[in-house]
Amino acid sequence: MDENEWLAARFEQHRPRLRAVAYRMLGSPADADDAVQDAWLRLSRSDAEQIDNLGGWLTTVVARECLHMLRSRRRRREDPFAAHLPDLVVIPDGDLDPEQEALLADSVSLALLVVLDQLTPAERLAFVLHDMFELSFEEIADIAGRTPVAARQLASRARRRVRGAEIPSPDPDLARQRRVVRAFFAAAWTGDFDALVQVLDPDVVLRTDFGTTRPPTVVRGAPAVAKQARAPRGGDLRPALVNGAIGALTIRDGRPFSVMAFTVAGDKIVRIDVVRDPDRVHRLPSALLNRPKRTGR
């Protein structure tokens, strides 16, 4: 094995963690891949033998690149509707290949990513690196160009906002999630209002994101959400895993129309995130269109 192959092999050992850091920082699989690729390019041009802690060095490079990308994104953002869902990690619901399993393991709930997207770049950096990846405040301070005390304060502010959002913790058992979501669709297709209310948490939240064309809508409470679910929709459903949770892709006229992600806890649906942003929905993998379908109303 020559030196380049040896270096590439070492880098690949760290790639899953680096991508996980970048996705949580950026909320976009494509941007996360760009940040990780940038780290590889910098490593390939450096004197790797002088790097004592390769994992730490790579994490620092990726985190700094993510911070730069977040700041650039914030400066050029012209969208008047600030809180939109991030890019989606959507894979077919069924037998997973190794790449899909990696995507599933790398995913984060949409509800959490929405909150993270509302943090400042520095707050997001501090929260992700400390609370999710257990970096010290000294390490974070070096990356962010702040003091350790300031890094601690950034993480604390971010933590309060995340806790204040009261993000529900989903049931880790996908089979249980799937049973609840199937009961929801069965009731929706037959227009059974009472059955819908039974499967919904009393304080359920339905959030629909439309992209930059209009602000997101939020419906709260089981009766109001059940009423929305009974409305005629049409189209076909493709079962999917959306950011690690049970969901579905809606197809109309042969094209993706919307994506739904369900948060299930205690055998009740506590949150439904719907994405109807054409830009993001139309970028979904074409393989999802060829999965077995179930016909809606």
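Residues numbered from 1 in each chain as written. Predicted model: local features only at pLDDT ≥ 70, side-chain atom pairs only at ≥ 80, totals over all residues. Heavy atoms only, no water.

(A) Summary view of unusual backbone geometry. A positive phi angle, near 60 degrees, is found at E134, a position not held by glycine. As for its placement among the helices and strands, E134 is situated in the loop between α6 (121-132) and α7 (137-144). Accessibility expressed as a relative area gives 71% for E134, which makes it exposed. (Helix = DSSP H or I, 4+ residues; strand = E, 2+ residues; numbered from the N terminus. Buried < 20%, exposed > 50% of the residue type's maximum accessible area, 1.4 Å probe, protein only.)

(B) Spotlight on the packing of aromatic side chains. Applying the stated criterion across every chain, the model contains five aromatic pairs. Each ring, one from F11 and one from W40, has its centre 5.3 Å from the other, and the planes form 55 degrees; the classification is tilted. Of this pair, F11 sits in helix α1 (residues 3-26) while W40 sits in helix α2 (residues 29-44), placing them 29 residues apart in sequence. Judged by its relative accessible area of 1%, F11 falls in the buried class. Ring geometry for F185 versus F262: centroids 5.6 Å apart, planes at 80 degrees, classification edge-to-face. Taken together, the residues span a long stretch of sequence, with F185 in helix α9 (residues 174-190) and F262 in strand β6 (residues 255-265) at a distance of 77 residues. Taken as a pair, F185 and F262 share a single burial class, namely buried. Taken together, the ring pairs in this structure connect F184, F185, W189 and F262 into an aromatic cluster. (Phe/Tyr/Trp six-rings, centres within 6.5 Å; stacked < 30°, edge-to-face > 60°.)

(C) The arrangement of α6 in detail. A rise of 1.5 Å per residue sets the reference length of α6, with its 12 residues, at 16 Å; its end C-alpha atoms lie 16 Å apart and thus fit the reference within 8%. Counting buried positions along α6 yields nine of 12 residues, so the element is predominantly enclosed. Of all the residues in α6, the buried ones are P121, A122, E123, R124, L125, A126, F127, V128 and L129. Just downstream of α6 lies E134, where phi reads positive at about 60 degrees. (Expected span 1.5 Å × (residues − 1).)

(D) Highlighting the packing of α7 against helix α8 (residues 148-164). Taken N-terminus to C-terminus, the directions of α7 and α8 make an angle of 95 degrees; their axes are 8 Å apart at the nearest point. Classified by the angle their axes make, α7 and α8 are roughly perpendicular. Contact with α7, carried on its side by F137, E138, I140 and A141, involves P148, A151, R152 and A155 of α8 and no other residues of that element. (Axes fitted to C-alpha atoms, helices over the stretch in contact; angles between N-to-C directions. Parallel < 35°, antiparallel > 145°, perpendicular 65-115°, else oblique. Contact = heavy atoms within 4.5 Å.)

(E) Representation of α7. The complete set of buried residues in α7 reads F137, I140, A141, I143 and A144. Burial along α7 is one-sided: seen end-on, the buried residues are contained in an arc of 165 degrees. Turned more than 90 degrees away from the buried face of α7 sit E138 and D142, all of them exposed. Following α7 by one or two positions, G145 has its phi on the positive side, about 70 degrees. (Arc of directions from axis to C-beta.)

(F) Quick peek at the side chain of T59. Structurally, the position occupied by T59 is in helix α3 (residues 54-76). Residues within four places of T59 in sequence aside, it is in contact with R17, L18 and L135.

(G) Structural view of the nonpolar core. If you look at the biggest cluster of nonpolar residues, it comprises 50 residues, and the most contacted ones within it are M25, L43, L125, L129 and I140. Sorting the residues of this core by element identifies α1, α2, α3, α5 (110-116), α6, α7 and α8 as the ones contributing at least two each. Dropping the residues within four chain positions of it, L129 is found in contact with V21, A63, E134, L135, I140 and I143. (Core = buried A, V, L, I, M, F, W, Y, C linked by side-chain atoms within 4.5 Å.)

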